[in-house]
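A closer look at the structure
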2 protein chains.
Amino acid sequence: MFETKKRVYRFGGKTAEGDGAMRELLGGKGANLAEMSRLGMPVPAGFTITTECCAEYYELGGGYTDELKAQVAEALAATEAIMGKKFGDEKDPLLVSCRSGARSSMPGMMDTILNIGLCSATLPGMIEKTGNPRFVYDAYRRLIMMYSDVVMEKAEGIEPADGQGIRQQLDRMMAELKEAKGYKSDTEITAEELKELCEKFKIRVKEVLGVEFPDTAEAQLWGSIGGVFKSWNGKRAIAYRRIEKIPDDWGTAVNVQSMVFGNMGETSATGVAFSRNPASGDNKFYGEWLINAQGEDVVAGIRTPNPLNEATKTEHNAHLQSLELAMPEVYKELDDIRVRLENHFHDMQDIEFTIQDKKLYMLQCRIGKRTGIAALQMAMDMLGEGMIDEKTAIMRVSPSQLDEILHPILDPASEKKASVIAKGLPASPGGAVGQLVFTSEAAMEAAAAGKKAILVREETSPEDIEGMRASAGILTTRGGMTSHAALVARGWGKCCIVGCEAMKINFDAKTVRFSENGPEYKEGDWFSLNGSKGYVYAEKIETMDASENPLFIKFMSIVDKYRRLGIRTNADTPEDAARALAFGAEGIGLFRIEHMFYGKNSETPLAKLRKMIMSDTDAERKAALDELEPFMKAAIKSTLKIMDGKPVVFRLLDPPLHEFVPKGEVKEKELADELGISVEEVEKRGESLKEVNPMMGLRGVRLHVAYPLIAETQYRAIFTATAELQAEGFHPIPEIMIPVTVSARELEFQKAYCERIRLEVVARTGQTLDYKFGTMIEIPRAALTADRMARTAEFFSFGTNDLTQMTFGFSRDDVGAFMGNYLGNKILDADPFQTIDTKAVGKLVEYGIQGGRSKRPDLKCGVCGEHGGDPDSVFFFNKIGLDYVSCSPFRVPIARLSAAQAAISQSK
Amino acid sequence: MFETKKRVYRFGGKTAEGDGAMRELLGGKGANLAEMSRLGMPVPAGFTITTECCAEYYELGGGYTDELKAQVAEALAATEAIMGKKFGDEKDPLLVSCRSGARSSMPGMMDTILNIGLCSATLPGMIEKTGNPRFVYDAYRRLIMMYSDVVMEKAEGIEPADGQGIRQQLDRMMAELKEAKGYKSDTEITAEELKELCEKFKIRVKEVLGVEFPDTAEAQLWGSIGGVFKSWNGKRAIAYRRIEKIPDDWGTAVNVQSMVFGNMGETSATGVAFSRNPASGDNKFYGEWLINAQGEDVVAGIRTPNPLNEATKTEHNAHLQSLELAMPEVYKELDDIRVRLENHFHDMQDIEFTIQDKKLYMLQCRIGKRTGIAALQMAMDMLGEGMIDEKTAIMRVSPSQLDEILHPILDPASEKKASVIAKGLPASPGGAVGQLVFTSEAAMEAAAAGKKAILVREETSPEDIEGMRASAGILTTRGGMTSHAALVARGWGKCCIVGCEAMKINFDAKTVRFSENGPEYKEGDWFSLNGSKGYVYAEKIETMDASENPLFIKFMSIVDKYRRLGIRTNADTPEDAARALAFGAEGIGLFRIEHMFYGKNSETPLAKLRKMIMSDTDAERKAALDELEPFMKAAIKSTLKIMDGKPVVFRLLDPPLHEFVPKGEVKEKELADELGISVEEVEKRGESLKEVNPMMGLRGVRLHVAYPLIAETQYRAIFTATAELQAEGFHPIPEIMIPVTVSARELEFQKAYCERIRLEVVARTGQTLDYKFGTMIEIPRAALTADRMARTAEFFSFGTNDLTQMTFGFSRDDVGAFMGNYLGNKILDADPFQTIDTKAVGKLVEYGIQGGRSKRPDLKCGVCGEHGGDPDSVFFFNKIGLDYVSCSPFRVPIARLSAAQAAISQSK
């Protein structure tokens with residue numbers, strides 16, 4: 001029935017039958033062990049059963065081919081020969097571990113069973129050989145616990161009724177023993193007590209699971225192999241494969257490897273190391289080790305680990321002995337391996353090693369994780385060393401690592417010790433620490449007094465802008481990833497968490513709580529926010545400022561060589577524009593005219609805009625607009641000047657008007673006086689602007705169709721600013737963009753007004769005025785009728801925020817109420833406001849580009865939604881042929897990197 | 001340069017060179033005149049200059065080919081020969097008219113110039129010949145006024161600076177003359193005074209336009225011909241062609257025709273007639289005439305016209321002499337013509353005639369306009385007479401005419417005399433008369449007292465349902481064509497006007513006004529509404545009840561033979577279902593579960609739904625749902641029973657929850673007591689359900705993902721009702737529909753719940769339960785991912801209301817603020833909530849059908865938006881291959897007719 005073929009691949013003894021390229025057959029772990037062996041490194045001997053045997057196991061109804069059995073026996077014999085011990089031997093038994101090995105690591109798959117081969121027959125010999133009964137019974141206890149849990153219970157699909165699995169029961173038994181004896185640590189338990197505990201464990205296992213714990217080395221080995229295969233079809237593994245779209249027939253390999261022990265005395269040790277410093281990127285061998293210890297002791301953090309070498313000692317471990325000095329020869333061997341691994345894999349390696357009786361064993365090597373700053377440092381160093389080329393260097397820094405570099409963050413070590421009191425949506429990355437304030441005013445006062453503030457709001461509005469700017473971080477109860485607070489904060493690179501629904505604010509008392517009976521926090525209490533994860537802490541955590549790095553500049557200049565997409569920025573003030581320029585923006589893709597009115601210190605007074613909006617007649621409106629125009633012109637001019645020679649897209653007033661209706665008696669009174677009407681009349685007019693669904697109401701171009709005067713004023717301000725700058729010798733490049741269009745006729749209608757005003761300004765100033773006229777494509781109909789739109793529009797800018805709202809029918813302000821449910825139930829794979837939904841929204845963008853270019857082949861197409869700064873979305877935009885993306889200033893470097901990575905990976 | 005060809009076609013003298021089929025070359029008017037001549041009817045002789053000459057005119061920079069000049073001279077000579085007079089003759093001059101003649105009549109084109117040929121040279125002869133100087137100078141005055149306005153000013157593109165064109169100036173001069181003389185009517189002006197006035201007119205024309213009024217017949221004729229050609233490129237004509245997509249190169253023809261006069265004494269007369277009664281459809285010759293009068297006198301309504309014959313005399317004109325008795329021979333000739341025209345054109349004709357000195361002339365014939373009831377009567381009569389076939393009969397009744405038949409309307413004659421005080425959106429057709437009420441309660445009291453009420457509201461909510469039902473008509477300030485009031489009213493066939501923005505309501509005083517200083521109306525005042533036009537009258541107007549007609553039944557049975565589309569109805573109660581069945585519905589395409597809770601007398605209490613919605617925990621919610629379930633089941637069962645053997649689509653709860661939050665202290669208190677919580681808690685919970693954009697918030701399937709219990713209860717109610725009916729021997733066909741989906745996984749998620757409940761009910765009742773599981777496609781993403789949706793969905797129902805909202809980003813509740821502007825500025829051709837937008841929304845529907853059927857070829861596709869009852873939309877739906885449309889009960893016959901007309905016209 002079953003084909004004759006190689007089913008088992010040996011490794012160890014500085015040689016191997018497989019190699020690192022055989023991930024499909026050997027799994028990731030098996031392939032890496034083979035590769036290290038081939039490189040002549042001291043890997044404890046063992047073998048890998050191929051992934052193909054997994055399917056055979058199921059075909060045989062849970063059995064093994066004779067060929068497999070024979071090949072395992074053969075490989076085991078070879079392993080025994082290398083290790084000089086025999087599996088199941090009563091005198092000097094070989095112990096092995098058994099691990100699963102899919103192509104990539106997979107949740108729900110069986111992890112590790114250690115110490116296989118310990119049984120009634122081998123225990124005495126093992127004790128005699130090691131002279132350490134406590135060590136042996138502790139190893140046996142661990143075997144029983146792991147095996148009964150993983151092989152006998154989980155792999156069999158047994159679900160304990162009350163959630164109390166065998167592992168929990170055995171843990172409790174051990175805890176009860178310690179309690180009875182008054183022990184604080186496991187190490188206090190004596191050999192005799194461990195022996196008794198093992199006997200009790202086996203009885204309990206029989207009682208609970210109905211099967212004896214296997215008492216031969218052979219039975220344990222095959223039980224473990226079968227356990228790995230069974231775990232492939234465990235519930236969690238299947239669910240994970242569904243989501244990640246991993247085919248069910250890939251199967252898993254099984255790795256069987258000789259045990260080595262770092263806890264066999266003062267000549268044994270264990271450690272983990274990185275070929276370069278994973279936090280800083282320094283090209284120094286960096287790691288930690290413990291004498292007479294097991295791998296998990298290093299990780300558990302009960303003992304402070306020793307430094308690997310003298311060069312990397314810190315204030316915390318300077319007093320401890322380095323491996324370099326303690327075992328110079330072993331260290332030398334390890335350091336050689338480090339260099340060889342890096343040269344072989346061309347990347348920083350994460351290494352696990354064990355020293356058993358002065359002999360070094362390599363247990364694992366893999367590409368090491370690293371911080372953003374380290375990723376940058378290593379990429380540039382390795383490029384300099386000639387180890388990698390430019391394209392590889394670019395691919396080595398992920399966009400999220402670059403993001404880390406651009407924002408201060410909470411110190412990871414300190415954060416680890418703190419406890420998360422609530423979670424929200426990670427709206428704007430980085431970390432922030434400050435004292436609670438509940439109003440914009442309080443935030444500004446705190447800033448003035450040199451204090452750091454965390455501004456807490458239900459949600460934010462344009463009125464909060466100054467307070468937001470003054471705060472170290474922002475935390476809101478409501479809103480999604482593209483709510484007002486999120487957008488503004490991201491634009492500034494300021495830490496922000498939104499949609500923290502657990503938070504109940506009492507504005508009168510200026511207190512906040514996170515659960516019905518939980519503690520109450522008051523104004524002035526210290527809070528810390530992790531805006532990258534959405535974690536809230538009610539304590540003060542240290543921050544790390546990974547500030548500007550000269551390497552960053554150099555790296556980015558390489559990045560720019562490889563990208564095709566242009567990168568612009570969304571900026572509404574000269575300050576934002578200047579910041580974005582410094583970050584490499586090639587123009588402004590979105591200047592929102594309404595934003596010039598935000599904030600109390602804005603040069604363009606909100607009060608005047610309010611007056612215009614609350615006008616009831618054309619005459620009132622005209623008067624208000626005439627007052628507004630010089631302010632508008634000045635704001636536009638200063639941004640055009642900063643961006644001299646680069647295009648600036650001005651989007652006409654867009655938001656629903658009622659956003660600008662004054663709230664509160666004081667503001668109403670102010671406006672009433674200004675307009676010479678009663679407060680009641682102000683309220684009445686405000687009321688008439690209210691809408692049931694403002695996002696789909698009188699906004700964008702609809703407003704300008706209704707009130708052409710408003711559009712004219714904006715056109716005049718743009719053209720006048722342009723003419724004045726030209727007269728002063730500058731080269732402004734204005735592009736005018738009409739928002740919220742649904743019909744080509746809206747554009748024709750606006751273009752006529754725009755041209756009329758342009759000719760007026762030309763006549764008045766004598767300047768030749770060039771500009772581009774285009775539209776946002778942010779409503780499905782605009783995308784679906786893009787061919788018509790392109791008759792008038794010279795450029796498209798896809799507003800993917802609104803396009804996502806309309807395509808999904810998800811209000812970004814209300815989506816918080818169900819997005820969690822949708823992501824949790826895997827109805828959606830990702831929040832479409834963060835990463836573009838390629839199945840529908842992306843289709844509309846593609847459709848829009850094709851339609852537009854069918855009528856106007858040189859149509860310039862960009863994106864100015866939040867997606868412009870999202871790496872996955874940038875990949876998609878590069879693929880479908882957009883000309884540029886525009887994002888908030890802080891996202892500009894990320895967009896540049898993503899664009900380069902997209903170009904590189906898509907050209908393969 | 002120019003091809004030799006026929007450029008001028010003569011008609012008259014009972015013969016013609018052209019015929020009725022030559023509309024392209026001769027225009028509509030010219031072709032019809034030729035056809036009547038060919039039929040041997042007495043048409044005043046003349047000729048038509050072809051549309052091709054229009055382009056030549058422009059090619060020649062405003063000139064005429066020699067060939068055209070020669071052919072005109074020839075045709076004029078032939079005309080003179082027939083009429084026995086010569087154009088420009090000093091003794092007995094022939095006068096002619098000149099009219100434009102495009103393929104179809106077109107606004108902005110030159111209409112008519114009469115009396116061409118009157119000039120210094122011909123005036124004396126004309127006076128001598130007629131012996132009536134007053135008649136001649138009056139004709140001359142009219143010529144000067146028409147010619148200077150149309151030819152000398154408008155066709156030349158002259159725009160008077162102050163809007164005071166030459167016509168207005170001449171009108172004022174004549175008014176001043178009358179004032180000075182104390183005359184009340186034009187007829188009092190003497191011949192001498194008219195003569196002087198003509199001289200003054202000519203002086204003013206020269207002053208204002210800088211050109212002499214032409215004083216030869218020849219100059220007037222060619223001036224008029226040129227004027228017609230120039231008007232083809234007038235601003236209004238060009239704008240109209242743009243919108244209607246009429247090619248610029250079609251051109252217009254020019255009709256030159258001999259003048260005849262019905263005002264030349266007691267042997268002359270003029271009249272208009274219809275070959276059958278256009279109001280009732282009666283097969284009786286019907287018309288009006290006036291002795292010694294001009295055509296415009298009949299239309300102007302200054303004199304009461306005489307009846308055409310004895311058979312059609314009415315109480316208003318019984319005392320006046322009929323043409324039948326006054327001029328029996330002429331009447332006989334006219335009646336013969338009537339019969340011949342109908343037999344020739346196979347349709348009712350609208351005729352204009354003039355009798356000059358006992359000689360009958362036919363000035364025009366065209367297909368006559370008619371009321372709905374007349375259209376039905378004529379179609380069925382002509383079918384019976386063998387004049388037309390079934391397909392033609394079906395095409396003869398327009399859907400809007402059928403609609404008229406189904407609703408009582410305001411009596412057109414009475415309405416004409418009343419004055420419109422405000423206009424709104426014509427939300428639900430028909431007429432209503434009643435006394436103003438301001439609350440639902442008052443409407444119900446009025447109904448109870450046997451009074452008719454007009455319910456006035458800002459906008460309506462589910463709470464108003466009973467009051468709406470009790471009213472004769474509904475008038476709201478806000479809302480669009482698919483607002484709550486509009487939808488409900490249309491469903492009931494009840495007259496309704498929405499979005500009457502001029503209306504300011506004072507609810508405290510129970511008064512209403514329509515302008516700042518206009519009159520105030522109070523409760524009890526009589527109002528009348530024309531729901532077909534959106535006209536509001538502050539007075540009592542008679543209504544006409546065009547009630548059930550046996551012809552209707554017969555007509556509809558013919559209609560059904562020719563349609564392909566299935567017709568279902570949107571019905572939520574057994575009463576609606578029964579009405580729809582009577583109107584021919586073949587199933588229910590939309591049963592909205594939430595609607596069973598509307599209205600105070602509903603069997604399913606809203607209070608219990610409220611309780612469920614305002615629950616804070618699963619336990620509270622479960623308890624409330626358990627109470628609700630029997631009510632739900634009963635409502636579902638009664639509808640399934642009525643629809644026995646026909647499919648019923650149940651849509652799960654859809655609207656935003658806060659719509660069901662109680663408003664007002666009394667209701668809040670009720671609910672608080674019911675739930676055993678405080679009023680403050682009720683308010684707090686209600687507040688937490690508020691959304692910024694509820695239309696894009698927690699609704700539809702999102703709600704059921706968040707609260708699976710709510711979905712389960714509905715599934716259980718549906719399956720239990722089905723099982724019970726089956727046990728009772730009925731054949732229920734339930735179809736379950738999930739609303740507001742955006743992702744295939746939402747459907748999989750719901751299907752799993754639904755199946756679980758089905759199996760529960762199967763186990764409990766022992767009934768086999770069949771059903772279909774499907775989804776609304778109402779969000780763009782659902783249409784764009786329809787292929788995935790169809791993996792689970794067995795049917796699609798396109799919810800084109802919501803699909804239009806999302807595709808346009810138009811909130812149906814807020815669209816009133818700008819839709820008027822959009823339609824007024826021709827940015828949109830039609831309200832997309834009334835007629836489906838084929839460019840984008842329709843594209844998504846097509847895309848959805850194709851995608852869905854690519855995965856499930858037998859996928860059933862329907863539409864259940866308001867568009868299902870809109871004729872233009874039904875045409876589109878038939879074309880793109882939908883299986884059925886579903887509409888409100890009153891629209892069912894209209895949908896049936898539209899579907900048949902679509903099938904007939906699309907099969908051509």
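See the structure printed just above.
Described in the following lines is the structure provided in the data block. (Residues numbered from 1 in each chain as written. Chains lettered and ligands numbered in written order. Predicted model: local features only at pLDDT ≥ 70, side-chain atom pairs only at ≥ 80, totals over all residues. Heavy atoms only, no water.)

Let us now look at the overall build of chain A. Along the backbone of chain A there are 35 helices and 33 strands. Once the C-alpha set of chain A is aligned to its principal axes, its extents read approximately 105 × 60 × 55 Å. A buried classification covers 59% of the 908 residues belonging to chain A. Put simply, 67% of the contacts in chain A that link residues at least 6 apart link residues at least 24 apart. The average position of the 113 basic charges and that of the 131 acidic charges among the side chains of chain A differ by 2 Å. (Helix = DSSP H or I, 4+ residues; strand = E, 2+ residues; numbered from the N terminus. Buried < 20%, exposed > 50% of the residue type's maximum accessible area, 1.4 Å probe, protein only. Contact = heavy atoms within 4.5 Å. Lys, Arg positive; Asp, Glu negative; His and termini not counted. Charge placed at Lys NZ, Arg CZ, Asp CG, Glu CD.)

Glancing now at helix H4 (residues 123–130) of chain B. Regarding H4(B), the residues found buried are B:Leu123, B:Gly125, B:Met126 and B:Ile127. A positive backbone phi angle near 65° is found at B:Gly131, which sits one or two residues after H4(B).

Once that is clear, we can look at the relation of the copies chain A and chain B. Placing chain A over chain B gives an RMSD of 0.6 Å and needs a rotation angle of 177°, together with 0.2 Å of translation along the axis. The operation mapping one copy onto its partner corresponds to a two-fold rotation axis. An overlap of 100% is found between the interface residues of chain A and their copies at the interface of chain B, pointing to a shared contact surface. (Least-squares fit on C-alpha atoms with pLDDT ≥ 70 in both.)

A few words on the pairing of strand S31 (residues 795–798) of chain A. Residues and elements named next belong to chain A. Here S31 shows a buried face lined by Phe795 and Ser797 and a second buried face lined by Phe796 and Phe798. Here four bridges tie strand S30 (residues 772–777) to S31, and the two strands are oriented parallel to one another. Bridge pairing in S31 links Gly774 to Phe795. By the bridge criterion, four bridges tie S31 to strand S32 (residues 860–863) in an arrangement that is parallel. Across the sheet, the residue bridging to Phe795 is Lys860, located in S32. (Pairing = 2+ DSSP bridges.)

Moving on, we get to the nonpolar core. Ranked by internal contacts, the top residues of the largest apolar core, which has 310 residues, are A:Tyr715 and B:Tyr715. Beyond its immediate stretch of four places on either side in the chain, B:Tyr715 contacts B:Leu652, B:Ile736, B:Ile738, B:Gln750, B:Tyr753, B:Cys754, B:Ile757 and B:Phe773. (Core = buried A, V, L, I, M, F, W, Y, C linked by side-chain atoms within 4.5 Å.)

A separate point is the interface of chain A and chain B. With 48 residues of chain A at the interface, the matching set in chain B holds 48 residues. Taking both sides of the interface into account, the surface hidden between chain A and chain B amounts to around 4500 Å²; carbon and sulfur atoms contribute 58%. Considering only the side of chain A, the residues that lose the most area to chain B are A:Met696, A:Arg745 and A:Arg781, jointly responsible for 16% of the buried surface there. Our count for the contact surface shared by chain A and chain B stands at four salt bridges. When the shortest N-O distance is used, the salt bridge between B:Arg781 and A:Asp837 registers 2.5 Å. (Buried area = accessible area lost by both parts, 1.4 Å probe. Salt bridge = Lys/Arg side-chain N within 4 Å of Asp/Glu carboxyl O.)

Attention now goes to the sheet that holds S32(A). Backbone hydrogen bonds hold the strands of a sheet together, and the pairing may be parallel or antiparallel. Residues and elements named next belong to chain A. Strand order around the closed barrel formed by eight strands is S26-S27-S28-S29-S30-S31-S32-S33, with parallel pairing between neighbours. Across the sheet, the mean angle separating the axes of adjacent strands is 30° when strand polarity is ignored. Note that strand S29 (residues 733–738) and S30 share four bridges and pair parallel. When the bridges of S30 are listed, Ile736 appears paired with Phe773. Docked against the sheet, helix H33 (residues 841–855) engages S31 and S32, running at close to 175° with respect to S31. (Axes fitted to C-alpha atoms, helices over the stretch in contact; angles between N-to-C directions.)

If the charged atoms of two oppositely charged side chains come close together, the side chains can form a pair. Residue and element names in this part refer to chain A. Overall, the coordinates contain 128 salt bridges over all chains when judged by the stated rule. Asp525 is paired through a salt bridge with Lys522; the nearest N and O atoms lie 3.4 Å apart. The salt bridge partner of Asp673 is Lys669, with a shortest N-O separation of 3.0 Å. With a gap of four residues between them, Asp673 and Lys669 both fall in helix H24 (residues 665–675), about one helical turn apart. Exposure remark for Lys669: the relative accessible area of 42% places this residue in the partly exposed category.

All names here are of chain A. Secondary-structure assignment places Met174 in helix H6 (residues 166–181). Separated by 124 residues in sequence, Met174 and Thr50 place their C-alpha atoms 37 Å apart. Ignoring any residue separated from it by four or fewer positions in sequence, one finds Met174 in contact with Arg141, Asp186, Ile189 and Leu197.

Tracing the backbone through its elements, the reader meets A:Thr569 in strand S26 (residues 566–570). If near-sequence neighbours (up to four positions away) are discounted, A:Thr569 is found in contact with A:Ala580, A:Ala585, A:Gly587, A:Ile588, A:Gly589, A:Leu590, A:Ser886, A:Cys887, A:Ser888, A:Pro889 and A:Val892.

It is worth spelling out the packing of H24(A) against helix H25 (residues 679–688) of chain A at this point. All names here are of chain A. It is the contact of H24 with H25, at a shortest axis distance of 8 Å, that shows an interaxial angle of 105°. Taken together, the axis directions place H24 and H25 in an arrangement best described as roughly perpendicular. Together, Glu668, Lys669, Leu671, Ala672 and Leu675 of H24 and Val679, Val682, Glu683 and Arg685 of H25 make up the contact between the two elements. The residue inventory of the contact of H24 with H25, partitioned by class, reads five nonpolar, no polar and four charged. (Parallel < 35°, antiparallel > 145°, perpendicular 65-115°, else oblique. Nonpolar A, V, L, I, M, F, W, Y, C, P; charged D, E, K, R; others polar.)

Turning our eyes to something else, we now look at the sheet that holds strand S16 (residues 431–437) of chain B. Residue and element names in this part refer to chain B. Strand order in the open sheet formed by eight strands is S14-S24-S23-S16-S17-S18-S19-S15, with mixed pairing between adjacent strands. Each end of this open sheet is capped by a strand with a single partner; those strands are strand S14 (420–423) and strand S15 (425–428). Across this sheet, the average inter-strand angle for adjacent strands is 30°, counted without regard to direction.

Turning to helix H32 (residues 816–824) of chain B, a few remarks are in order. Side chains of residues three or four places apart in an α-helix project in the same direction, reflecting 3.6 residues per turn. If you check which residues of H32(B) are buried, you get B:Phe818, B:Met819 and B:Tyr822. For H32(B), the buried positions fall inside an angular range of 115° around the axis, keeping them on one side. Facing away from the buried side of H32(B) by over 90 degrees, the exposed positions are B:Gly820 and B:Gly824. Considering only its buried residues, H32(B) is in contact with helix H26 (701–706) and helix H28 (744–765) of chain A. Taken from the residues just after H32(B), B:Lys826 is the one with a positive phi, measuring 60°. (Arc of directions from axis to C-beta.)

Bringing the packing of aromatic side chains into the picture now. Residues and elements named next belong to chain B. According to the stated counting rule, one finds 44 aromatic pairs over all chains in the structure shown. A cation sits over an aromatic face here: Lys540 above Trp526, 4.1 Å from the ring centre. Residue placement shows Arg621 over the ring face of Tyr707; its charged tip is 3.9 Å from the ring centre. (Phe/Tyr/Trp six-rings, centres within 6.5 Å; stacked < 30°, edge-to-face > 60°. Lys NZ or Arg CZ within 6 Å of the ring centre and 35° of its normal.)

All names here are of chain A. Of all five residues in strand S6 (residues 112–116), five are buried, a share of seventy percent or more. Inspection of the sheet shows strand S5 (residues 96–101) paired to S6 by three bridges, in the antiparallel sense. Residue Cys98 lies in a different strand from S6, and its bridge partner there is Ile113.

Moving on, we get to the side chain of A:Arg396. Residue and element names in this part refer to chain A. By the secondary structure assignment, Arg396 is in helix H14 (residues 390–396). At 3.2 Å, the side chain of Arg396 and the side chain of Asp347 are in polar contact. Setting aside residues up to four positions removed in sequence, Arg396 forms contacts with His346, Asp347, Arg370, Ala375, Ala379, Met382, Ile388 and Gln401. (Polar contact = N/O pair within 3.5 Å; in protein donor to acceptor, adjacent residues only side chain to side chain.)

The next subject is unusual backbone geometry. All names here are of chain A. Phi is positive for Lys358, which is not a glycine, with a value near 70°. Within the secondary structure layout, Lys358 lies in the loop between strand S11 (349–356) and strand S12 (359–367). Positive phi, normally seen in glycine, also occurs at Val740, with a value near 60°. Here Val740 is to be found in the loop between S29 and H28. Under the relative-accessibility criterion, Val740 is labelled buried at 1%.

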